[in-house]
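Chain by chain, the residues:
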Amino acid sequence: NNSGILDVNETKLNSTINSSITAKTLFPMGELYTENNSLITVVSAGNTWTMINASWVGNPQSMLFLNYSNGTLTYNGTETMFFHIAFTISLTSNQNNRNIRASIYKNGVILPGSQIQQKLATGADVGSTAIHVATSLSQGDYLNAYILDEGGSSQLTVSYANMFAMGMRMG
């Protein structure tokens, strides 16, 4: 009417606003990292992918991800989405002249395009590098970081690392 008074169902309005904000602005994000790690990743043979042995810490601000201390990042959102996965790593070897590779695995399988290679000239060298790859994730999909030594068995120490997944909406 023209009385100048507007009646609003506040409960319904807040519910509509909150669900709209969540649906349109929530971008899933998960993060794991290790710092000052001294646990050794034992690579049993050359060209053998081995999950990084470290004490991983999950970012408590992660949204729609579960973080595990073994380095597993699990997406628990209900919407299948496209994700940017970033991984940085600093590591040493117990041997000289080693070609080391690192990769991101999704559900136990290497993600295509996620491999990098780093040469460590001496065991005292600290190699540092990054991986960026994109993939879709559905509820329950999980990510891990793996390394290998092309030259044979070795002991690798990943002293610092960070794995980050950010969901991206399209359209």
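The residue count restarts for each chain, going from 1 along the sequence in the order it is written. The predicted origin of the model limits local features to residues at a pLDDT of at least 70 and limits the giving and counting of side-chain atom pairs to 80 or more, whereas totals for whole chains, interfaces and linings rest on all residues. Here the side-chain values reflect all heavy atoms present in the structure, with hydrogen atoms and water set aside.

### Examining the nonpolar core
No. 1: Residues belong to a common nonpolar core when they are buried Ala, Val, Leu, Ile, Met, Phe, Trp, Tyr or Cys residues joined through side-chain atoms within 4.5 Å. Accessibility here uses a 1.4 Å probe with only protein chains present; expressed as a share of the type maximum, an area under 20% marks a residue as buried, one over 50% as exposed, and anything in between as partly exposed. Among the nonpolar cores identified, the biggest contains 31 residues, and Ile52, Phe83, Ile85, Phe87, Ile104, Leu143 and Met163 are the most heavily contacted of them.
No. 2: A run of H or I in DSSP becomes a helix once it reaches four residues, and a run of E becomes a strand once it reaches two; helices and strands are each numbered from the N terminus. Breaking this core down by element, the ones donating at least two residues are strand E6 (73-75), strand E7 (81-93), strand E8 (98-106), strand E10 (116-120), strand E11 (127-137), strand E12 (142-149) and strand E13 (154-168).
No. 3: In terms of residue count, E7 provides more of this core than any other element does, 6 residues in total.
No. 4: Any two residues whose heavy atoms approach within 4.5 Å at even a single point are treated as in contact. Look past the residues within four positions of Ile104 in its chain and what remains in contact with it is Ile85, Phe87, Val109, Ile110, Leu111, Ser114, Ile131, Leu143, Asn144, Ala145 and Met163.

### What to know about the packing of aromatic side chains
No. 1: Each pair of aromatic rings taken from Phe, Tyr and Trp, with Trp reduced to its six-membered ring, is defined by centres within 6.5 Å and is described as stacked if the planes are under 30 degrees apart, edge-to-face if over 60, and tilted in the remaining cases. Here the structure, examined in full by the defined rule, presents 5 aromatic pairs.
No. 2: Between the aromatic rings of Tyr75 and Phe83, the centroid separation amounts to 5.0 Å while the plane-to-plane angle is 65°, which identifies the pairing as edge-to-face.
No. 3: Ring centres 3.9 Å apart and planes at 25° place the aromatic pair Tyr105 and Tyr146 in the stacked group. Pair noted here: Tyr105 is in strand E8 and Tyr146 is in strand E12, with a separation of 41 residues, a long-range link.
No. 4: Since its relative accessible area comes to 17%, Tyr146 is described here as buried.
No. 5: By way of ring pairs, the aromatic residues Trp49, Tyr105 and Tyr146 are connected into one cluster.

### Structural notes on unusual backbone geometry
Trans is the common state for peptide bonds, and a negative phi is the common state for residues other than glycine.
No. 1: Even without glycine at this site, Asn36 takes up a positive phi of about 55°.
No. 2: Positionally, Asn36 belongs in the loop between strand E1 (29-34) and strand E2 (40-43).
No. 3: Its relative accessible area of 61% is what places Asn36 among the exposed residues.
No. 4: Located in the positive-phi region is Asn47, a residue other than glycine, with phi close to 55°.
No. 5: Within the secondary structure layout, Asn47 lies in the loop between E2 and strand E3 (50-51).

### Considerations on the pairing of E10
No. 1: The side-chain alternation of E10 yields one buried face, formed by Ile116, Gln118 and Leu120, and one unburied face, formed by Gln117 and Lys119.
No. 2: Two elements, E8 and E10, share 5 bridges in a ladder whose sense is antiparallel. For Ile100, the partnering residue across the bridge sits in E10 and is Gln118. DSSP calls a pair of strands paired once it identifies at least 2 bridges connecting them.

### So, the side chain of Glu31
No. 1: Summarising the element assignment, Glu31 is placed in strand E1.
No. 2: Here Glu31 is buried and forms no salt bridge, its nearest opposite-charge partner Arg169 lying at an N-O distance of 18 Å.
No. 3: Here a polar contact is recorded for every N or O atom pair within 3.5 Å, except that within protein the pair must consist of a potential hydrogen donor and a potential acceptor, and residues adjacent in sequence are included only if both atoms are side-chain atoms. Polar contacts involving the side chain of Glu31 include one to the side chain of Asn162, which spans 2.8 Å.
No. 4: Among all residues touching Glu31, those that are not within four sequence positions of it are Val57, Gly58, Asn59, Ser62, Asn67, Leu73, Asn162, Met163 and Phe164. When charges are tallied, Lys and Arg are placed among the positive residues and Asp and Glu among the negative ones, while His and the ends of the chain are skipped. Salt-bridge detection follows one rule: a side-chain nitrogen of Lys or Arg within 4 Å of a carboxyl oxygen of Asp or Glu.

### A word on the pattern of salt bridges
No. 1: Enumeration over the complete set of coordinates arrives at 3 salt bridges.
No. 2: The salt bridge partner of Arg169 is Glu79, with a shortest N-O separation of 2.8 Å. Here Arg169, found in the segment after E13, pairs with Glu79, found in the loop between E6 and E7; they are 90 residues apart in sequence, far enough to count as distant.
No. 3: Residue classification places Arg169 among the partly exposed residues on the basis of a relative accessible area of 30%.
No. 4: The class of Glu79 is partly exposed, set by a relative accessible area of 37%.

### So, the environment of Ile89
No. 1: For Ile89, the location among the structural elements is in strand E7.
No. 2: When its relative accessible area of 2% is taken as the criterion, Ile89 is described as buried.
No. 3: When sequence neighbours within four positions are dropped, the list of residues in contact with Ile89 reads Ile52, Gly127, Ser128, Thr129, Ile147, Val158, Tyr160 and Ala161.

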